[in-house]
Amino acid sequence: MSAGILCAEQVRELIHSPTGGTGRLFSSTGQLFDERFVGLSAIDLPLGDQYWEMKGSCRTGSAYKVHDLVQKYSKHPESPKNLTDEAITLKKHCVYLFKALCELDLRDIRIQGTATGRSSIGRLDVLVRLLVDESDTFDSVKQGLKHELYIEVTPISFDLHVRKLTVLSQLRLFKGRQHDISLTREELSHEEDDDYPILDENGSLYKEPCYEQEQDIWFPFRLDLKPDRVTQASAFVAKKNQ
């Protein structure tokens, strides 16, 4: 495969070394990574057994490691807290940094990755980001390096209960450039009408953005603030924790 997202079978090949040693995707305990967390095209990233309460959200940048952020911005840099099978409560508006229960060795291999929060996370109003050493961006895993993975979690509207092995983030590994695995607006415009995935507020095909900045891989969406016919509301405000 010259370019594209790795499927489950290809990810499993990264777990099992052909020489019988540690694979490229492995548990932070040094054991084999649990294949239960391998999906069709994404890897679920389970929380490990250590976490820190942070003073705020921050990324490493090209010059720093996650350990440096912990030393500078953690409320308890010398003593990480333990995460076990017993649930803990993450307070809203607070930032937590968890060590993921997996590591990734991409040295001497033409594979990189990008992470997103699981689909259910947006509904819970939680910010979830992946951090690695010496990276200018969140949610990006560069090729050619060995990575320890860390997950930053910030509940916005509600307190959140998590325990060891809770999955909040997922990682997609791919070969090639990110543009190679993304539809441009121009490519999207060539979809047959029956397969075109985006409709406007009137139920018509929403293709106008496809003819502007045609090589852009980002598609603009609009908010429809007309009141819902049933509830007569345009939006809802989340309740505070009871």
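Nothing here was measured: the structure is a model prediction, and the numbers come from that model. (Residues numbered from 1 in each chain as written. Predicted model: local features only at pLDDT ≥ 70, side-chain atom pairs only at ≥ 80, totals over all residues. Heavy atoms only, no water.)

Concerning the environment of F236
Applied cut-off: The secondary structure listing takes helices from DSSP runs of H or I that are at least 4 residues long and strands from runs of E that are at least 2 residues long, numbered from the N terminus. Buried residues are those whose accessible area, probed at 1.4 Å on protein chains only, stays under 20% of the maximum for their type, while exposed residues exceed 50% and partly exposed ones sit between those limits.
Summarising the element assignment, F236 is placed in the segment after α4 (185–189). Using a relative accessible area of 68% as the deciding quantity, one classes F236 as exposed. For F236 and K91, which are 145 residues apart along the polypeptide, the C-alpha to C-alpha distance reads 22 Å.

Concerning the state of the cysteines
This is how it is decided: Disulfide assignment relies on a single distance test, namely cysteine sulfur atoms paired within 2.5 Å.
Evaluation of the coordinates by the stated rule reveals 0 disulfides. Of all cysteine sulfurs in the structure, the one in C58 sits closest to C94, which takes part in no disulfide; the separation is 14 Å. Classification of C94 by relative accessible area gives partly exposed; the value is 28%. C102 carries a free sulfur, and the closest cysteine sulfur to it, the one in C7, is 18 Å from it.

Overview of the side chain of T60
Filter applied, for reference: Between N or O atoms, a polar contact is any pair within 3.5 Å; within protein, one atom must be a potential hydrogen donor and the other a potential acceptor, and residues adjacent in sequence are included only when both atoms are from side chains. Whether two residues are in contact is decided by their heavy atoms: any pair within 4.5 Å suffices.
Take T60: it is sitting in the loop between β3 (43–54) and α2 (66–73). What makes T60 buried here is its relative accessible area of 4%. A distance of 3.1 Å separates a polar atom in the side chain of T60 from the backbone oxygen of V132. Engagement of the side chain of T60 in a polar contact is seen with the backbone nitrogen of E134, the distance being 3.3 Å. With sequence-adjacent residues up to four places away left out, T60 is seen in contact with K65, V66, L69, V132, D133, E134 and S135.

Some points on helix α1 (residues 8–15)
This is how it is decided: Read the arc as the range of directions from the helix axis to the C-beta atoms.
Those residues of α1 lying buried are A8, V11, L14 and I15. Projected down its long axis, α1 carries its buried residues within an arc of 110 degrees, all on one side. Exposed side chains of α1 directed beyond 90 degrees from the buried face belong to E9 and E13. Its buried side turned inward, α1 meets β2 (25–26), β3 and β12 (167–175).

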